[in-house]
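# Architecture at a glance
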Amino acid sequence: MSIDPRVLKEEILQIYPKKLRQKRSEQIIINEHREDGTVPEIKANVRSNPGIITQRGCTYAGCKGVVIGPSRDILSLVHGPIGCSFYAWLTRRNQTRPDTLEAQNFINYCLSTDMQEENIVFGGEKKLKEAVREAFHLFHPKAIAIFSTCPVGLIGDDVHAVAREMKAELGINIFGFSCEGYRGVSQSAGHHIANNGLFKHIIGNDETPHPEKFKINLLGEYNIGGDGFVLEDILTRCGIKQISTFSGNSTYDTMANSHTADLNLVMCHRSINYVAEMMEKRFGIPWMKVNFIGATATAKSLRRIGEYFEDDGLKARIEEVIAEEMAKVEVVQALVKSRCQGKTAMLFVGGSRAHHYQQLFTEIGMKTVVAGYEFGHRDDYEGRKVLPGLKVDADSKNIEEIDVVPDPERYRPRRTPEQIAKLEAMTEMEFRDYVGMMPEMDSDAMVIDDISHYETERILEAYRPDIFCAGIKEKFGVQKMGIPCKQLHSYDYGGPYAGFAGAINFFNDIDRLVNMKIWRYATPPWQPPTQQPEQVAAD
Ligand code: CFM
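Right, let's walk through the structure included here.

Parameters at a glance
Counting starts from 1 at the beginning of each chain's written sequence and moves along it residue by residue. This being a predicted model, a pLDDT of at least 70 is required before a residue's local features are given, and a value of 80 or more before pairs of side-chain atoms are given or counted; all residues contribute to the totals for chains, interfaces and linings. Where side-chain values are given, they derive from all heavy atoms of the structure, hydrogens and water being excluded. Every helix listed is a DSSP run of H or I at least four residues long, and every strand listed is a run of E at least two residues long, numbered separately from the N terminus. Using a 1.4 Å probe on the protein chains alone, a residue whose accessible area is under 20% of its type maximum counts as buried, one over 50% counts as exposed, and one in between counts as partly exposed. Whether two residues touch is decided by their heavy atoms; if any such pair falls within 4.5 Å, the residues are in contact. Only the protein chains shown count as cover for residues, and the accessible areas themselves come from Shrake-Rupley with a 1.4 Å probe. Here the positive residues are Lys and Arg and the negative ones are Asp and Glu; neither His nor the chain ends is included. Charge positions are represented by NZ for Lys, CZ for Arg, CG for Asp and CD for Glu. Here the term cavity refers to a set of points on a 1 Å grid, laid over the protein atoms alone, in which a 1.4 Å probe fits but cannot get out; the term pocket refers to an open set having protein on both sides within 12 Å along at least five of seven lines, with lining residues being those that place an atom within 4 Å of a point. Grid points are joined across faces, edges and corners, and a volume is the space filled by probe spheres set on the points. Gly counts as polar in this scheme, as do all residues outside two lists: the nonpolar Ala, Val, Leu, Ile, Met, Phe, Trp, Tyr, Cys and Pro, and the charged Asp, Glu, Lys and Arg. Stacked, tilted and edge-to-face are the three classes applied to pairs of Phe, Tyr and Trp rings, where Trp contributes its six-membered ring and a pair requires centres within 6.5 Å; stacked means planes under 30 degrees apart, edge-to-face means over 60, and tilted covers the rest. Charges are assigned to positions over rings by a cutoff of 6 Å between ring centre and Lys NZ or Arg CZ, combined with an angular limit of 35 degrees from the ring normal. Within the patch definition used here, like charges are joined within 9 Å and nonpolar side chains (Val, Leu, Ile, Met, Phe, Trp, Tyr) within 5 Å, considering only residues with over 30% relative accessible area and no salt bridge. Any carboxyl oxygen of Asp or Glu within 4 Å of a side-chain nitrogen of Lys or Arg constitutes a salt bridge here. Here the axes come from fitting lines to C-alpha atoms, over the contacting stretch only for helices, and the angles between their N-to-C directions go from 0 to 180 degrees. Orientation categories follow fixed angle ranges, with anything under 35 degrees roughly parallel, anything over 145 roughly antiparallel, 65 to 115 roughly perpendicular, and all other angles oblique. Strand pairing is assigned whenever DSSP identifies at least 2 bridges connecting the two strands.

### Considering the overall build of the protein chain
Across its full length, the protein chain carries 21 helices and 14 strands. Based on the C-alpha atoms only, the size of the protein chain along its principal axes is roughly 70 × 65 × 55 Å. Across the 539 residues that make up the protein chain, the buried fraction comes to 58%. Partitioning the intrachain contacts of the protein chain with sequence separation of at least 6 by distance along the chain shows that 77% fall at a separation of at least 24. When the accessible surface of the protein chain is summed, it comes to about 24,000 Å², and 53% of that surface belongs to carbon and sulfur atoms. Distance between charge centroids for the protein chain: 2 Å, based on 64 positive and 74 negative side chains.

Now the structure itself:
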């Protein structure tokens, strides 16, 4: 079926009132590779329109749930009504594996001040202090993070003052986050707030040196479904020491010590690029974007690490691991490709995966026809080269920009500008860069920012893709249309999908989903039923 995406776009826009139509027309883009190397501009990171049924989450979700939550021994205490805690309780499948049975792990717990009407009227600081003391005496953590929910900001409780007071009283690291749900346009604001907190309160607190030669941090990897376990295994086999991730399977100490690494690898650019930038400025650690989603992407990323460290032994070990793993991947890939070749996919995930997972589909011959982020910014779509031209609006001004300067004692540039230039001259060795999703999608592909429920239905009806990838909010509505929906936030109950072993899992899962016969039995709403379902006699 051949679709004219421009016609479809106009049809979709018709339903909206004039002002909204204009706004959505700038957020629904038909991709194009222009001669000057640019792609069309997309409007992103702007407020969702009420009633549109967005899939976005809130700022608190981005700070507590996404960035800080996966670190297992920072005790997360939510200051707010219980619902905010309950809905952030073990819903993201960020796994962790303490070294010993006795090691601290608070991930299974849900701690909240459980604010009541009385606290909203008379203030909740007293209750918060009591909660911090209680949590400290129960768990004896190294650090407590306090997260603000919407009412905290509305009534003006000062979580930072409470954190300072409690830190002095209890003698452990305690810090607060002004990450009220409404503070930004999406969870993306919460990522930035969390990054600032990590930088101000944790990174650089532990100077323990490591003897290993090749030391990295993996930023923006949250160990969903065990992805981080797979990646640490690969890195270890190559002889690369992972000091810390941010923040899947991490601990307070690994993050506190992360400034001793010599290279920062950035997986999810959206959620953690601020930490990478700040660590480079303060400590002199270069960063580069990697992608461990997809077998060829993983191989490419590993080779780039080898090039960075310029060590023949390391490069040889990397090649050995790639050869060993690729042999296993290729067997499954060939089989699955023979059954999936030519099928189509749509991807709507937060800020990275709608891009990264296109690679896995490409590896089994499937094409992504429409994709979009819930809350990515223009740089995630068009590449970081648009950054200097980005306008700072009132919503972005809400979030602190930390002014970072080189640390007087600890700034140690790991590479000279000449070395960086030499490495960059080699193919695909860009530092501090992210090409974005659109340059890597076909011309004429549709790119939709912050997709609405209505738009989802219309594109499904028009394209009838073989698979739709999104989250729990979309899953069952989509499947009732006879189209399988794979959750790419939680992986449903599957995964890991990162690295080589993850690629094999993904290929098998997608093969099962797109080739399952059950989808033929669902009658989508756009297709009138040809016959009435048989009456089942009640006996
Ligand atoms: Fe980064 Fe993520 Fe994502 Fe994200 Fe998320 Fe997530 Fe996501 Mo869900 S940090 S932007 S805020 S890759 S929770 S692990 S899957 S929306 S695309």
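### Details of the layout of surface pockets
Size it by volume and the second largest pocket reaches roughly 1,100 Å³. Along the wall of the second largest pocket there are 36 residues; nearest its centre are His 377, Leu 387, Leu 390, Lys 391 and Ser 396. Of all elements in the fold, only α9 (187–201), α12 (269–283), α16 (378–382) and α17 (394–397) reach the threshold of two or more residues within the lining of the second largest pocket. Looking at the lining of the second largest pocket, its residues break down into 13 nonpolar, nine polar and 14 charged.

### Let's talk about unusual backbone geometry
Residues other than glycine predominantly adopt negative phi, and peptide bonds predominantly adopt the trans conformation. Note that the residue after Phe 246, namely Ser 247, is joined by a cis bond; omega there is 5 degrees. By secondary structure assignment, the location of Ser 247 is in strand β7 (residues 241–247). Of the consecutive residues Gly 495 and Pro 496, the connecting peptide bond is found in the cis state with omega at -10 degrees. Positionally, Pro 496 belongs in the loop between β14 (485–487) and α21 (499–514). The backbone of His 140 sits at a positive phi, close to 45 degrees, despite the residue not being glycine. Examined against the element boundaries, His 140 turns out to sit in the loop between α6 (125–139) and β4 (143–148). Judged by relative accessible area, His 140 falls into the partly exposed class, the value being 48%.

### Focus: the environment of Ala 276
Within the secondary structure, Ala 276 is located in helix α12. Exposure remark for Ala 276: the relative accessible area of 0% places this residue in the buried category. Non-local contacts of Ala 276, meaning those with residues more than four positions away in its chain, are made with Leu 219, Asn 264, Val 266 and Trp 287.

### Concerning empty space enclosed by the protein
Tallied over the entire structure, the rule returns one cavity of 30 Å³ or more. Lining of the largest cavity is provided by Lys 23, Arg 24, Gln 27, Arg 47, Ser 48, Asn 49, Ile 52 and Asp 450.

### Comments concerning the packing of aromatic side chains
For the structure shown, the criterion picks out 17 aromatic pairs. Aromatic side chains Phe 86 and Trp 89 sit 6.1 Å apart centroid to centroid with 70 degrees between the ring planes, which places their arrangement in the edge-to-face category. Judged by relative accessible area, which is 36%, Trp 89 ranks as partly exposed. These aromatic residues form a ring-pair network of at least three members: Tyr 357, Phe 361, Tyr 491, Tyr 497 and Phe 506. Across from the ring centre of Phe 229, 3.7 Å away, lies the NZ or CZ of Arg 97, which sits over that ring.

### Focus on a nonpolar patch on the surface
Judged by side-chain polarity, Phe 86, Tyr 87, Trp 89 and Leu 90 come together as a nonpolar surface patch covering roughly 490 Å² of accessible area. Relative to the helices and strands, Phe 86 is located in helix α4 (residues 82–86). Note on Phe 86: relative accessible area 46%, which makes it partly exposed.

### What about the packing of helix α14 (residues 312–340) against α21?
As a packed pair, α14 and α21 sit with axes 9 Å apart at the nearest point and diverge in direction by 10 degrees. Here α14 is positioned roughly parallel relative to α21, judged by the angle of their axes. Of the residues in α21, those touching α14 at Ile 322, Glu 325, Met 326, Lys 328, Val 329, Val 332, Gln 333, Val 336, Arg 339 and Cys 340 are Phe 500, Ala 501, Ile 504, Phe 507, Asn 508, Asp 511 and Val 514.

### Topic: the sheet that holds β14
Taking strand neighbours across the sheet as the criterion, the six strands line up as β1-β12-β11-β10-β13-β14 in an open arrangement whose pairing is mixed. Whereas interior strands pair on both sides, the edge strands pair on one side only; in this sheet they are β1 (28–30) and β14. Taking each pair of neighbouring strands and ignoring which way they run, the sheet shows an average axis angle of 20 degrees. Sheet topology note: the strand β11 (residues 367–373)/strand β12 (residues 446–448) ladder contains two bridges and is parallel. Counted as the bridge partner of Val 370 is Met 446 from β12. Its contacts with the sheet place helix α2 (residues 18–27) against β1 and β12, and it is angled at close to 45 degrees to β1. Contacts from helix α20 (residues 472–479) reach β13 (467–470) and β14, with the element oriented near 165 degrees to β14.

### A look at α2
All buried positions along α2 are accounted for by Leu 20, Lys 23, Arg 24, Ser 25 and Gln 27. Looking at the buried residues of α2, the elements they touch are α1 (5–14), β1, β12 and α19 (453–463).

### Re the pairing of β4
Within β4, six of the six residues are buried, which leaves it mostly tucked inside the rest of the structure. Residue alternation in β4 divides its side chains into two sets, Ala 143, Ala 145 and Phe 147 and Ile 144, Ile 146 and Ser 148, and both sets are buried. Relative to strand β5 (residues 173–177), β4 runs parallel, the two being bridged by five bridges. In the strand pairing of β5, Ile 146 is matched with Gly 176.

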